[in-house]
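# Tertiary structure, described
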Amino acid sequence: MSVGEFCNREVIVVKQDESVREAVKLMRTHHIGDVVIVAREGDASRPLGILTDRDVVLEILAEDVDIDSVNVGDVMSYELATVDESASLMDAVKLMQSKGVRRLPVVNGQGYLVGILTVDDLVEIVSEELGAVAGLISKELRIEEKRRRAES
């Protein structure tokens, strides 16, 4: 299972000079906890950083910074971890764990943004897989009960 199969391909992006207020409005409108900061290169976008709701709270609100006095580039996380869309989900989980992040922008072989993978996505994937395993066990029990009734 590759990251590209499961990542969210609808990524909300902003440019570095965008206002933090505008980025926050986008987060609220789209019910998301982050925006990816990109540099546009023709039709493609290269990820530069990420701004999370947590960044806004800890770096702006908690420090009593005027939200209108800073732009996204002033507060975004510059040490951006990304994952190639061909990587396995387990490799992505290991990367998230080692970097201590909950979100990974997904890039193609040229380094252009193609999606995002979040911890929430991973929880959904794992729960679906566990549901399939539970269904297998349940079906096996029904088959066994049916067989025993036939033998009696």
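Here the structure is shown first, and the text comes after it.
Residues numbered from 1 in each chain as written. Predicted model: local features only at pLDDT ≥ 70, side-chain atom pairs only at ≥ 80, totals over all residues. Heavy atoms only, no water.

Counting residues in hydrophobic clusters, the biggest one holds 15 residues, and the most contacted among them are V20, V35, I37, L51, I60 and V72. Secondary structure elements with two or more residues in this core: α2 (20-30), β2 (34-41), α3 (53-61) and α4 (72-75). Examining the composition of this core, we find that three residues originate from one element, α2, more than from any other. Ignoring any residue separated from it by four or fewer positions in sequence, one finds V72 in contact with V14, K15, Q16, E18, S19, V20, A23, I37 and L51. In this structure, L89, V106, L117 and I125 belong to the second largest nonpolar core, which totals 14 residues. (Core = buried A, V, L, I, M, F, W, Y, C linked by side-chain atoms within 4.5 Å. Buried < 20%, exposed > 50% of the residue type's maximum accessible area, 1.4 Å probe, protein only. Helix = DSSP H or I, 4+ residues; strand = E, 2+ residues; numbered from the N terminus. Contact = heavy atoms within 4.5 Å.)

To continue, consider the sheet that holds strand β6 (residues 113-118). In space, the three strands of this open sheet follow the order β4-β5-β6, with mixed pairing throughout. Only two strands of the sheet have a single partner each, and these edge strands are β4 (83-84) and β6. Looking at chain direction, β4 and strand β5 (residues 103-107) are connected through two bridges and run parallel. Following the sheet pairing, V83 is matched in β5 by V106. (Pairing = 2+ DSSP bridges.)

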